[in-house]
Amino acid sequence: MSETSETTLTVESTTAGASSCCGSCSTGADAAPVGAGLTSAFQVKGMTCGHCVTSVTAELKRIEGVTDVAVDLVSGRVTVGSTRPLADADVAAAVDEAGYDLVGRLDG
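All figures in this text were calculated on a predicted structure; none of them were measured in a lab.

Rules of the game
- Residues numbered from 1 in each chain as written.
- Predicted model: local features only at pLDDT ≥ 70, side-chain atom pairs only at ≥ 80, totals over all residues.
- Heavy atoms only, no water.
- Pairing = 2+ DSSP bridges.
- Helix = DSSP H or I, 4+ residues; strand = E, 2+ residues; numbered from the N terminus.
- pLDDT = per-residue confidence, 0-100.
- Contact = heavy atoms within 4.5 Å.

(A) Quick look at the pairing of strand β1 (residues 38-45). Judged from the six bridges that link them, β1 and strand β3 (residues 77-82) form a sheet pairing that is antiparallel. Its bridge partner being in β3, A41 is matched across the sheet by T79. Sheet topology places β1 next to strand β4 (residues 101-106); five bridges connect them, and they run antiparallel. When the bridges of β4 are listed, F42 appears paired with R105.

(B) Structural detail: the confidence of the model for the chain. Mean pLDDT over the chain stands at 78; residues scoring 70 or higher make up 66%. In the model, residues 1-35 has pLDDT below 50 throughout and makes 46 contacts with residues more than four positions away in sequence or in other chains.

Structural data, given as structure tokens:
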């Protein structure tokens, strides 16, 4: 007699309105290390999968001076390496363009 076990994982977006996640991927993304220079960390709400990470990363890399972006999908922490200080308004606009919400800048 053999036992079969099933596990179902449900991921819910907590953003109000439409999420930009296409739902086509089933994996998240691990945070990558951020290089030398200035480092800023932000809390982003609404990311649920690897596609979300890719979208946020691409938009943030469009900001002048951004050299690296690392996303911790589980916590929503986005760490941005740059050659100059980043304006919160620029980061908020990039995150919004990707379809997510910037909660704010994180200390440390």
